[in-house]
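Examining the three-dimensional arrangement
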Amino acid sequence: MSRRILLANLVGLFAIALILVQASMVMAQITAANKKPVLITADSLQYDQKRNEVVASGNVQITQGNRTVRADKVIYNQRARRITALGNVVIVEPSGETIFGERMELTEDLHDGLIERFRLLFPDKTRVAANGARRTGGRRTEMAQVVFSPCKLCESDPASAPLWRIKARRVIHDRKTRDVEYRNAWLEVYGVPVAYTPYMAHPDPTVYSRSGFLAPRVGGDSRLGIWIKTPYYWRISRDRDATITPMITTRDWPAMLVEYRERFKNGAAVVDGSYVNTRRRDFQAQRIIDAGSRGHLSGEVRYDISKNWRFGANGLWTTDNTYLQRYKISNDQTLQSNAWLEGFHERDHTILSLHHFQGLREDDRYRETPQALPYVEHERFGMPYRDWGRWHFHFSSASLTRWEGPDSYRASTQLGWRLPYIHKSTGMKFLASVNLFADGYYVTEVGRHSASRHNGFEGRLYPVAKLGWRYPFVREMGNVRVIVKPRAALIASTSGLNSSKIPNEDSDGFEFDEINLFSINRYPGRDRVDDGTRFVYGVNTIFLGNRGGQSEIFLGQSYQLAGDETFGSGSGLDRKLSDIVGQIQINPGRYFNLVYKFRFDAKDQQMPRTEVTTFAGVPALNTSLSYLLFRRNMNSSEFPTREEIAFAVRSQVTRTWSIFGGSRHNLASDGGILKWQAGGQFKNECCTLQATISRSFTYDREIKPSTNFLILLTLKHLGSFGY
């Protein structure tokens, strides 16, 4: 026998409309006045006219809108308008929470009621358990004798205490404001009480962000002493927020740090800054140099104006040279700020940018630092014309000005044609290109430190032709495929293009390596030109394993056939036959990687540049090492002789525990250790504990060597606590 009953009452709440007897499944729909329909399914359904009750038994499910109740047995009392659910009761809320209980008494709309042996599971697996709970107003749930924890339970012993939990006599969960409030709460670690508070509140796990104080952080170092930060997070709106952080130190005046973020429909902006009224000290940090306001301002913004145009800006500025290092904001020695407007149209690209530089080294002078106001660049490529290649056009202009020193205003154009060709029978690849360059300058005070100065116009017009050749070979050698790619190019231009009347503003930081070996201009900018005629050659060998892994070796060199020697001593290009540049990369699998870059002087049998970066190991134990040797380039004042080595070791001891350490050393004659650090970390689904100790040996005016110690504890939903 089966029954289907539609219940409705005469006053508009519920009525019995239909009874069918033919199967073991019964479905009843109860409709309340001005309420969403309630659908009930069960294995059996009985109606007691005397008590005016509907009793559903066996796999009962009640659904109203997006809310669902499941139980072994459900009794609906029409007279009291209440639903009683018994045995394995489960309520699935529209917001994703799941409520469990042994017995529930609910109103007919399933919003309010009493729950015995209350359990609550949030979508992120956070759990709440209580002896009982009362829900009122469809939003406020009051619980007694409550346990709250986002930690997983032990699979072998679910009854044991989790890593951490909060026990409270009373907890109130407001579903509308999404707050969780505790009364007389203890924080327990593995069941042992470690902290007590009479009142505590935090957003429930469904909250993404909310205004309020964040967990304070405490730290210490030998520069600032003991410090404490108490951030306040301000959620201004859905697309705007700010964080205001007062910072109090024992060795300095209080500081204020502010960060503002905003998301636009077509972009975003982030601005942060800090301020402190304090004093600067001398190199030994003893004598006060001056006192006053110190701080910084930084920001980044990007906005897509249309599908073809976008705008952006980013920058960092500080009041003095050592403030950023002292307050651990940045270790940069040169701060660059720029704003740009960029456009894309099919094969065209246009950019207009402004650049501002602030040097923080002791010998930097702001009035002698150039500012690019503005820099303009436009590039366009033509459509390929059958088998005859295609043309391209490039224009750029730069205005570099100083308060004191030479000024330079440049406009440059490049018009070229590029023709690739592949010989079908042999597979040889050829590339021919012809370019015509024109540079125009207006300069002032060039050579201001010499006996004569130059002011006026300068210009040059010159062609550059390049013919390149490649011929790849492939051979199978067992489980390894070997690809050999010999490569050569002939590059020709006129000579005598570099004039002392044109200041070198953008080509000073030159370094000869495997990347720019085949470039038509190996200088990084436009103020200096790689002129004359040269022959460039190299070979690249690649080993590909059939089971994965790859290794690669590249060697290359150039020979100057004609032209002036414009590169200085130590550059690797100061003789007709250049130094050999190369790169070796070995990557047999995911647990080892080695990259070795070098420049070899065959005549003097020296290595002017050596770079080694390697990683080896498995998660249980791995190490990384980097070594850099850079001998002073007489053609560049930006990069003095430098030799450093750095290494780091990390071990994932277990799934949750890891330890790490490392250091950086200056191997020059006047060098030593630069920095070291060591620490460990515990991380699982509900908390992160990290302890780190480090020491920096930097001397820079008021900046002295310092030791830093940090313990950072992050509890899910409660925030971070640091010392």
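Rules used in this analysis
- Residues numbered from 1 in each chain as written.
- Predicted model: local features only at pLDDT ≥ 70, side-chain atom pairs only at ≥ 80, totals over all residues.
- Heavy atoms only, no water.
- Phe/Tyr/Trp six-rings, centres within 6.5 Å; stacked < 30°, edge-to-face > 60°.
- Helix = DSSP H or I, 4+ residues; strand = E, 2+ residues; numbered from the N terminus.
- Buried < 20%, exposed > 50% of the residue type's maximum accessible area, 1.4 Å probe, protein only.
- Disulfide = S-S within 2.5 Å.
- Contact = heavy atoms within 4.5 Å.

Glancing now at the packing of aromatic side chains. As enumerated under the stated definition, the model contains 17 aromatic pairs in all. Measuring from centroid to centroid gives 5.2 Å for F437 and Y462, while their planes differ by 10 degrees, and the two rings are stacked. Within this pair, whereas F437 is found in strand 29 (residues 429–446), its partner Y462 is found in strand 30 (residues 454–470), the two being separated by 25 residues in sequence. By relative accessible area, F437 is classed as buried at 6%. Members of the aromatic cluster, each reached through a chain of ring pairs, are Y409, Y442 and F457.

Two cysteines joined by a covalent bond between their sulfur atoms form a disulfide. Within the structure shown, the criterion is met by 1 disulfide. A sulfur-sulfur separation of 2.1 Å characterises the disulfide bridge that pairs C151 with C686. Its S-S torsion of approximately 90 degrees makes the covalent link between C151 and C686 right-handed. Linking C151 in the loop between strand 11 (140–149) and strand 12 (164–174) with C686 in the loop between strand 41 (673–683) and strand 42 (687–696), this pair joins segments that are 535 residues apart in sequence. Comparing C151 with C686, the two get one shared label, buried. With no disulfide of its own, C154 lies closest to C151 among cysteine sulfurs, the gap being 12 Å.

Once that is clear, we can look at the side chain of T614. Along the chain, T614 turns up in strand 37 (residues 606–618). Taking relative accessible area as the criterion, T614 reaches 18% and is therefore assigned buried. Residue contacts for T614: discarding those within four places in its chain leaves F592, N593, L594, T623, S624 and L625.

Taken by themselves, the reported measurements are silent on function.
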